[in-house]
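Tertiary structure, described
Here is what each chain is made of, one letter per residue.
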Amino acid sequence: SPPAASPPPAATSSNGNNDDPTSNPDDGKVEKIEAEENTEEEVLHEVRAKNMKMEKGQWKKFGAGVLRLYRHKVNSKCRIVIRNGIGKVQFNVGVSKGMKFEKVIKQSKKGPATYVKFFAIEDADKGMEVFMLQVKPDCLDKLHEKLEGMLK
């Protein structure tokens, strides 16, 4: 029998994952590019956070991860990025002048739940949406202060 390493030339679609949209062999390269791009940005703040978005009148929870506030070293543009444990971007929005960051503290049986609430555009097709970033109570003031500082 022929060696398995050389499939017949016509067999492109049955060749495992060539036509499978869920397999993405470029994932590693994308992450590497992302890391290289960050040489142009400085990290202003880093904290664990959970991203929530208002959808149909209710808060929908998205992934938790490491939130970083970036400022571009050349054009000074700022953005908020959350990546999950494997480095995948969960949330990425630009910070623009005129944004308002509001501290929200909700009391619960487990103690206070603390958030920073703001309006931003994550998806150009959807336009302005309401978001909340949940952080530990002892991290709230620092995150809020850093976000406010990005507006200057």
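Definitions and limits used
- Residues numbered from 1 in each chain as written.
- Predicted model: local features only at pLDDT ≥ 70, side-chain atom pairs only at ≥ 80, totals over all residues.
- Heavy atoms only, no water.
- Phe/Tyr/Trp six-rings, centres within 6.5 Å; stacked < 30°, edge-to-face > 60°.
- Lys NZ or Arg CZ within 6 Å of the ring centre and 35° of its normal.
- Helix = DSSP H or I, 4+ residues; strand = E, 2+ residues; numbered from the N terminus.
- Pairing = 2+ DSSP bridges.
- Axes fitted to C-alpha atoms, helices over the stretch in contact; angles between N-to-C directions.
- Salt bridge = Lys/Arg side-chain N within 4 Å of Asp/Glu carboxyl O.
- Buried < 20%, exposed > 50% of the residue type's maximum accessible area, 1.4 Å probe, protein only.
- pLDDT = per-residue confidence, 0-100.
- Contact = heavy atoms within 4.5 Å.

1. Details of the packing of aromatic side chains
One pass over the structure, following the stated rule, counts four aromatic pairs. Here the aromatic residues Phe91, Phe101, Phe118 and Phe131 are joined through ring pairs into a cluster of three or more. The cationic tip of Lys106 hangs over the ring face of Tyr115; the distance from NZ or CZ to the ring centre is 5.5 Å.

2. Topic: unusual backbone geometry
A positive phi is found at Lys56, a non-glycine position, where the angle reads about 50°. Looking at the element boundaries, Lys56 is found in the loop between strand E1 (41–55) and strand E2 (58–72). With a phi close to 65°, Ser76 is a non-glycine residue in the positive phi region.

3. Re the sheet that holds E1
Spatial strand order, E4-E3-E2-E1-E7-E6-E5: seven strands in an open sheet with antiparallel pairing. The sheet is open, and its two borders are formed by strand E4 (89–95) and strand E5 (102–108), each paired with just one other strand. Averaged over neighbouring strand pairs, the angle between their axes works out to 35° when direction is ignored. Pairing analysis gives six bridges linking E2 to strand E3 (residues 78–83), with the strands arranged antiparallel. The residue bridging Leu67 from the neighbouring strand is Ile82, located in E3.

4. A look at the pattern of salt bridges
Evaluation of the coordinates by the stated rule reveals six salt bridges. Linking Arg68 and Glu46 is a salt bridge whose minimum nitrogen-to-oxygen distance equals 2.8 Å. Residue Arg68 is located in strand E2, and its partner Glu46 is located in strand E1; the two are separated by 22 residues in the primary sequence. Residue classification places Glu46 among the partly exposed residues on the basis of a relative accessible area of 47%. Put simply, Lys53 and Glu122 hold a salt bridge, and the shortest N to O gap is 3.5 Å. Highlighted residues: Lys53 in strand E1 and Glu122 in the loop between strand E6 (111–121) and strand E7 (128–135), separated in sequence by 69 residues.

5. Focus on the confidence of the model for the protein chain
Considering every residue of the protein chain, the mean pLDDT works out to 82; 75% of them sit at 70 or more. Within the protein chain, no element has a lower average pLDDT than helix H1 (residues 27–37), which sits at 41, and none a higher one than helix H2 (residues 137–150), at 97. In the model, residues 10–37 has pLDDT below 50 throughout and makes eight contacts with residues more than four positions away in sequence or in other chains.

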